[in-house]
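# Structural overview for review
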Amino acid sequence: MAHHGDHTHDAAHDGHDDHDHKPSGFFERWFCGTNHKDIGTLYLVFSLIMFLVGGSMALVIRAELFQPGMQLVEPDFFNSMTTMHALVMIFGAVMPAFVGLANWMIPMMIGAPDMALPRMNNWSFWIMPFAFALLLSTLFMDGGGPAGGWTLYPPLSIQGGNNVAFVIFAVHMMGISSIMGAINIIATILNLRAPGMDLLKMPVFVWTWLITAFLLIAVMPVLAGSVTMLLTDKYFGTTFFSAAGGGDPVMFQHIFWFFGHPEVYIMILPAFGVASEIIPTFSRKPLFGYQAMVYATASIAFLSFIVWAHHMFTVGMPLGGLIFFMYATMLIAIPTGVKVFNWVATMWRGSMSFETPMLFAVGFVILFTIGGFSGLMLAIVPADFQYHDTYFVVAHFHYVLVTGAIFSIMGAVYYWLPKWTGRMYNETLGKVHFWLSTITVNILFFPQHFLGLAGMPRRIPDYNVAFADFNMISSIGGFAFGLSQLLFAWIIIDVCFLKRGQKATAGVWEGARGLEWTLSSPAPYHSFSTPPKIDDRMLAHGDVAH
Amino acid sequence: MAAQSAGGYYVPHGSVWPILGSVALFFLLGGAASLINDDSGPGMIKFLIGLSLLLVMLFGWFGTVIKESVRGMYNAQVDVSFRLGMVWFIFSEVMFFAAFFGALFYARHYSVPWLGGEGDGFATNALLHPGYEAVWPTNGPAQVGGPFETIPAWGLPLLNTLILLTSGLTITLAHWALKVGKRGALVGWMWATVALGCLFLYFQGTEYVHAYQELGLTLGSGVYGSTFFMLTGFHGMHVTLGTIMLIVISLRCMSGHFSKNQHFGFEAVAWYWHFVDVVWLGLFVFVYVL
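These figures come from a predicted structure and were not determined experimentally.

### What about the interface of chain B and chain A?
Contact residues are listed per partner, giving 77 residues for chain B and 82 residues for chain A. Counting each side, the surface lost to burial between chain B and chain A is near 6,800 Å², with a carbon and sulfur contribution of 71%. For the salt bridge of glutamate 68 of chain B with arginine 119 of chain A, the shortest nitrogen-to-oxygen distance reads 2.8 Å. Run the count over chain B and chain A and you get 19 residue pairs in polar contact (both at pLDDT 80 or more). Of the residues forming the side of chain B that touches chain A, the biggest block, 22 residues, is contributed by helix H3 (residues 76-115) of chain B. A class-by-class count of the residues in the side of chain B that touches chain A yields 47 nonpolar, 27 polar and three charged.

Listed below in structure tokens is the structure:
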């Protein structure tokens, strides 16, 4: 690790403003700022807004599906809603939320003053609102927004109207943002750790983000390449995905899912990290099997590169390919199982308490595991022939993404909100939010397993009357889940703007360990302006003797 | 205290360039999208506004960084952060090219043979594309873009390979001159590298004109034309960018911005240049020779 040289200290006096204090103006601070906490806040606020936007689109879908028959919207707009809901939730809600958490927490967790490349950090964030302005503007164009599904499969996707070019350029912008964000996170973790914060002493959240950042840099450019080929196929006469010219539409699916599968883990590995922070705190025990957690994360990341074709078992592929991708996919259950068992073992005989973050973390472990198991079912080739493109798949990935990724993000917000704001949130409301969310999300998604097994296809605005009852139940759950999230927004507003709630101590939680809890609440503007002394006993986990 | 926190960590002051860059990208890409849709709207104006803002941003941002660097505001730790940033940026570029190489390999080893009746493609070939034989190069069963000829590897492409390899040598000689403090040699070798980059681009341009005007080989010549022009085209764009970077670095060498021990800007561009060099070797082997 490189450390600052004292000789540069004096050289750096250039007469600009004083940076131990916040920038004075609103524009300077929020638009031109370089502070990791401010940028983290921007990411989190943006993500919450996009979560509500994407959620509204989901409610349009669930309203249309409340009863069989066409009720509210045109079929093309319905398809546009499914497409946009996915793009907004993946690229606008889940990914920026985790980048926001990374921005806030990583410097505090490794004993750094800020991110390694603070100005690029600002750019990473500020590309996002513009990218989404470009994406969402397509909804107001002649011909409407993209309606071929978020996977943008040709030939359907490039038969859309003018929206195609806008969607593709918006994806390019999101890619640039993600790659810069990931580079920044890697540089920060590798270069800015305080002396004594060895790699195998880092909090698991930092580890999961290091590996996630690697995945992002490896696969976002592949997505950029694949959508660029779509663009040239539509507008410039190339035939990558047209059999007439010797290309193949299936080729797009291979390239897309080479990005798409690691992308799935990009959205879940940081969630694993969050659970690995929260569970030890409220179990009042160190994380069980710290090193196993790190190696399991790395194994999952490695496997994510060799399983992509399990998304396309029904598309037509040599038998050897089917078998390879089936077994490779099943292998992922092993490191994932290691993680689940380690969380359970961490809780085993701990003196547990169930504040809201812990409720979300435990909910995460249980409900994510359900999504994991349905994933194993989908990995089995002959079974997948039946399940493919049905609501069973929809149920599966919403269990891993909503009760997985998003539950962990909410847990993380409750866990660290007192550190960010210096005030405790309303614990009663938090618990109400958890139970409302958990009950309604299961009413929303559990019946979709049955619908899928019975054969209801996804991305269709109308359906056989045989599916009516479960769809109605699912829609009721959907609206209840959606409305419950307004409570989440209220709890945050209550803490951040109304400033009610007790003042938080530095430690916040009785069982909390780690560098971030040694800083005051709210944390100082520059996290660690001098490298902290690392006291191994204060680390929640790591390669230390317990 | 400027741009530096109490413990000696470097934390840069705020900057207007990132937000300007975001606005620039928004106009540039939004305008480009309107343009390729043949909109009668103000696509070109938006595109030009975006392009101008992007250029202003690039000049401004790099200008700020160069100024701060020359003032010695960047300590050893910042240097490592920059290096990590550049290495991982180049890795992301490698993965971008990997997508197009992947398309090339997939077309050659799977889609074209299947269309020609190999393996499970028997019925497809017999029923949909009777008489189509899987050979490479191809523009597919529909002969998209009409008949074409390919560019032989052992003419201009070989010359361009030698040019780029030589430029890799000249930039290394420049680096050596920089490290031993011979500014004359440094500047000479840098401009030699720039000249070789320009020569490469000139020949590449000649080759494209030849392909379009005499060989009938265009971007629309089926999957061969698609992979050929997208791979060599994106490489050419990277060589163009690399050459511009080399020119900036050469000017900075002449202004004495770099010292024997501290010259990360130089090294970053050298790494980038070697990267475009290596990509070209992949192109030469897989696009032209094989």
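Picking up after the structure, the text goes on.
### Considering the domain arrangement of chain B
The domain architecture assigned to chain B consists of domain 1 (12-73) and domain 2 (75-289). A straight line from the C-alpha centre of domain 1 of chain B to that of domain 2 of chain B covers 25 Å.

### Re unusual backbone geometry
Going from serine 521 of chain A to proline 522 of chain A, the amide bond is cis rather than trans, its omega being -5°. Structurally, proline 522 of chain A is set in the segment after helix H17 (468-496). The linkage connecting tryptophan 136 of chain B with the following residue, proline 137 of chain B, adopts the cis geometry, with an omega of 5°. Inspection of the secondary structure assignment puts proline 137 of chain B in the loop between helix H4 (122-127) and helix H5 (156-179). We note that arginine 349 of chain A has phi near 60°; this positive angle belongs to a residue other than glycine. Tracing the chain through its elements places arginine 349 of chain A in the loop between helix H12 (333-347) and helix H13 (356-379). One non-glycine residue with positive phi stands out, namely arginine 459 of chain A, at about 60°. Position of arginine 459 of chain A relative to the elements: it lies in the loop between helix H16 (427-453) and H17.

### Comments concerning the packing of aromatic side chains
For the coordinates displayed, the defined rule picks out 80 aromatic pairs over all chains. The interplanar angle of 65° and the centroid separation of 5.0 Å between the aromatic rings of tryptophan 308 of chain A and phenylalanine 325 of chain A together place this pair among those described as edge-to-face. On the criterion of sequence distance, the pair formed by tryptophan 308 of chain A in the loop between helix H10 (290-303) and helix H11 (319-331) and phenylalanine 325 of chain A in helix H11 is long-range, its members being 17 residues apart. When its relative accessible area of 9% is taken as the criterion, phenylalanine 325 of chain A is described as buried. With a centroid separation of 5.9 Å and 80° between ring planes, the pair formed by phenylalanine 26 of chain B and phenylalanine 27 of chain B is classed as edge-to-face. Positioned above the aromatic ring of tyrosine 235 of chain A is the side chain of lysine 234 of chain A, whose terminal nitrogen or guanidinium carbon lies 5.4 Å from the ring centre.

Rules used throughout
- Residues numbered from 1 in each chain as written.
- Chains lettered and ligands numbered in written order.
- Predicted model: local features only at pLDDT ≥ 70, side-chain atom pairs only at ≥ 80, totals over all residues.
- Heavy atoms only, no water.
- Contact = heavy atoms within 4.5 Å.
- Buried area = accessible area lost by both parts, 1.4 Å probe.
- Salt bridge = Lys/Arg side-chain N within 4 Å of Asp/Glu carboxyl O.
- Polar contact = N/O pair within 3.5 Å; in protein donor to acceptor, adjacent residues only side chain to side chain.
- Helix = DSSP H or I, 4+ residues; strand = E, 2+ residues; numbered from the N terminus.
- Nonpolar A, V, L, I, M, F, W, Y, C, P; charged D, E, K, R; others polar.
- Domains from an automatic or database assignment.
- Phe/Tyr/Trp six-rings, centres within 6.5 Å; stacked < 30°, edge-to-face > 60°.
- Buried < 20%, exposed > 50% of the residue type's maximum accessible area, 1.4 Å probe, protein only.
- Lys NZ or Arg CZ within 6 Å of the ring centre and 35° of its normal.

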